[in-house]
Amino acid sequence: MATCLTLPRALRAAIPAGALALALAGGAGAQGTLSALQTDVDQIARRARPSVVTVFAVRTESAPKTAVAATATAPHVRTRVGSGVAVEENLILTTASVVLQAERTLVSTANGLQAEAEIVGVDPVFNLALLRVPTLRLPPLRFAQGRPARVGDWVVSLGTSYNAQPTQSLGNVAQRHREPGQWLLQLTNTVYPGNSGAAALNIRGELAGLVHGELGSPALTGTASDGERRPWGTSFAMPVETLRPVFESLKREGRVRHGYLGVKTLAASLESDREGGPSTPIGALVDGIIGGGPADRLGLRPGDLIVAYDGERVETPEQLARWVLATPPGRTVTLVWVRRDIGYNGTVVLKESPERVPQWLAGALADPQPDGPRKIAELEREIRRLSQELGRLKDQSGPPPR
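Sequence order sets the numbering: in each chain, residues are counted from 1 along the sequence as written. Confidence filtering applies because this is a predicted model: local features only for residues at pLDDT of at least 70, side-chain atom pairs given and counted only at 80 or more, and all residues used for totals across whole chains, interfaces and linings. The basis for every side-chain value is the complete set of non-hydrogen atoms in the structure, without hydrogens or water.

Chemist: What is the right way to read the overall build of the protein chain from this model?
Modeler: When helices and strands are counted, the protein chain shows ten helices and 20 strands. Note on classification: 1.4 Å probe, protein chains only; a residue is buried when its accessible area is under 20% of the maximum for its type, exposed when over 50%, partly exposed between these limits. In the protein chain, buried positions account for 46% of the 402 residues. Any two residues having at least one pair of non-hydrogen atoms within 4.5 Å are treated as being in contact. Relative to all contacts within the protein chain whose residues are 6 or more apart in sequence, the contacts with residues 24 or more apart total 63%. In this description, accessible areas are obtained by the Shrake-Rupley approach with a 1.4 Å probe, and a residue is regarded as covered only by the protein chains that are shown. Of the roughly 20,200 Å² of accessible surface on the protein chain, a fraction of 53% belongs to carbon and sulfur atoms. Helical segments are the DSSP runs of H or I of at least four residues, strand segments are the runs of E of at least two, and each set is numbered from the N terminus.

Quick look at the structure:
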């Protein structure tokens, strides 16, 4: 079976004349083409590496009481390790999951300098945090300009591992996933433990996104002989078109303003026809309406079933809550709901959420995990569901129109 090697224009330009033709013929020419690709990737990495830092988040925890000891034992120090990217000479972007509840935050640079970092702002909805390091002057990475990243675009990810060792991976954009309020990129880049907050660079060395985590169950990744999890070959990142507005809001206000619908919802599902089969979520069931809120003005009532938000199907209350929060206040959105088997739709302008930390994330913030808030697992399931649905539709209708 033949393999087609497709190189981006900038990389093709770096290959000597005739090398691509030799690559198609195989043999030494193919090896030369791959060497040119590796050289170009290494140059991108060398230029950007000084902008990528290791982030250490330190928290003191009290050990729980045991059956043997009536009182808690001495507290121990827990340190989470992640990656970060300098976007201004003393401002660093990382993920919120790295620094949540940290009592002390440190950064270590590529040349071995260490410094204390201040947390400018944290947003758990977008899973982003902005740090300031007054004692350092770092070379910032420029946000990618021009068109958004497309499927097939090459991506170089740069980060650090849990051992504070530099990591580097070449891959491409496998899928663009849209949900109300933000985009996500599914990448083929290898993600290493500690890569949360790593840089995703385009072929010009610009910051095209921030790596958030891996796609796949930790059980599938396995563990190495030293007990650490092995790297996984699929990851997802927040692209610059979502990343930059959140960064600017954190820099300006130390927070991100979120949308507010003014509705309380419960889960709704259909039971399986098969005994013991899984139930199917069908939407968010309205349990209460906040007087004077957008939902109240729209005419929603308790007992209504919200099935779509801004053109996307709603399956769970958590999904609806995340989408509302990710939508800027003042934005007009469309809702579809069902009342007594009759469908309704309408548009409403969202207000600003009065909550700095949404209730549906409260549990995740109380016990943050190394791989991020629980919303990451939900996003992973949502991307997999969408991928399966798109594959099913493609099989039914043939190739998409051009």
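Now, onward.
Chemist: What is the right way to read the pattern of salt bridges from this model?
Modeler: The salt bridge definition used is simple: a Lys or Arg side-chain nitrogen within 4 Å of an Asp or Glu carboxyl oxygen. The final tally for this structure, using the stated rule, is 16 salt bridges. A salt bridge links Glu315 to Arg313, with the nearest nitrogen and oxygen atoms 3.7 Å apart. Where salt bridges share partners, they join Arg252, Glu253, Arg255, Arg257 and Glu352 into one cluster.

Chemist: What exactly am I supposed to notice about the pairing of strand β3 (residues 91-94) here?
Modeler: Within a regular beta strand, the side chains point alternately toward one face of the sheet and then the other, so they alternate between its two faces. Of the two faces of β3, the one holding Leu91 and Leu93 and the one holding Ile92 and Thr94 are both buried throughout. Here a strand pair is declared whenever DSSP counts at least two bridges between the two strands. Sheet topology places strand β2 (residues 76-88) next to β3; three bridges connect them, and they run antiparallel. Paired with Glu88 across the bridge in β3 is Leu91. Between β2 and β3, which follow one another and run antiparallel, lie two residues.

Chemist: How should I be thinking about empty space enclosed by the protein in this particular structure?
Modeler: By rolling a water-sized probe across the atoms, one finds the places where empty space is left. Detection works on a 1 Å grid of protein atoms alone, calling trapped sets that fit a 1.4 Å probe cavities and calling open sets with protein on both sides within 12 Å along at least five of seven lines pockets, with lining residues defined by an atom within 4 Å of a point. Grid points are joined across faces, edges and corners, and a volume is the space filled by probe spheres set on the points. Summed over the entire model, instances satisfying the criterion amount to one cavity of 30 Å³ or more. Space inside the largest cavity adds up to approximately 40 Å³. If you trace the largest cavity, you find it lined by Ser157, Asn189, Thr190, Val191, Asn195, Ala198, Val211 and Ser235. Side-chain classes are defined by residue name, with Ala, Val, Leu, Ile, Met, Phe, Trp, Tyr, Cys and Pro counting as nonpolar, Asp, Glu, Lys and Arg as charged, and the others, Gly among them, as polar. Each residue belonging to the lining of the largest cavity can be placed in one class, and the counts come to three nonpolar, five polar and no charged.

Chemist: It is not clear to me how the environment of Pro328 should be interpreted in this structure. Could you clarify?
Modeler: If you trace the backbone, Pro328 turns up in the loop between α8 (317-326) and β18 (332-339). In this structure, the C-alpha to C-alpha distance between Pro328 and Glu352, residues 24 residues apart in sequence, is 7.8 Å.

Chemist: What exactly am I supposed to notice about the pairing of strand β19 (residues 342-349) here?
Modeler: Note: β18 against β19, eight bridges, orientation antiparallel. Of the residues in β19, the one forming a bridge with Thr334 is Thr347. Counting the residues between successive antiparallel strands, the hairpin from β18 to β19 contains two residues, one of them, Arg340, with a positive phi of roughly 50°.

Chemist: Explain the sheet that holds β2 here, please?
Modeler: To summarise the sheet geometry, strands pair through backbone hydrogen bonds and adopt either a parallel or an antiparallel arrangement. Reading around the barrel, the six strands line up as β1-β2-β3-β6-β5-β4 and close back on themselves, with antiparallel pairing between neighbours. Each neighbouring strand pair of the sheet contributes to a mean axis angle of 40°, computed without reference to strand direction. Two strands pair when backbone bridges link them, and strand β1 (residues 52-61) and β2 are joined in this way by ten bridges, in the antiparallel orientation. Opposite Thr54, over in β2, you have Ser83 as the bridge partner. Note on geometry: axes are lines fitted to C-alpha atoms, helical ones only across the stretch in contact, with angles between N-to-C directions running from 0 to 180 degrees. Packing of helix α6 (residues 240-253) onto the sheet brings it into contact with β2, β3, β5 (114-123) and β6 (128-132), and relative to β6 it is tilted by some 50°.

Chemist: Could you clarify how one ought to interpret the nonpolar core in this entry?
Modeler: Nonpolar side chains tend toward joint burial in soluble globular proteins. Note on terminology: a nonpolar core comprises buried Ala, Val, Leu, Ile, Met, Phe, Trp, Tyr and Cys residues joined through side-chain atoms within 4.5 Å. Among the nonpolar cores identified, the biggest contains 32 residues, and Phe126, Leu128, Phe143, Leu201, Leu207 and Leu243 are the most heavily contacted of them. Membership of the second largest hydrophobic core comes to 17 residues, among which are Ala284, Ala295, Val324 and Leu350.

Chemist: Explain α6 to me, please; I cannot follow it from the model alone.
Modeler: The α-helix winds at 3.6 residues per turn, so residues separated by three or four positions along the chain end up facing the same way. By definition here, a helix of n residues has an expected span of 1.5 Å times n minus one. Here α6 spans 19 Å end to end across 14 residues, near enough to the 20 Å set by a 1.5 Å rise per residue. Within α6, the full set of buried residues consists of Val240, Thr242, Leu243, Val246, Phe247, Ser249 and Leu250. Positive phi shows up at Gly254, right after α6, with a value of about 75°.

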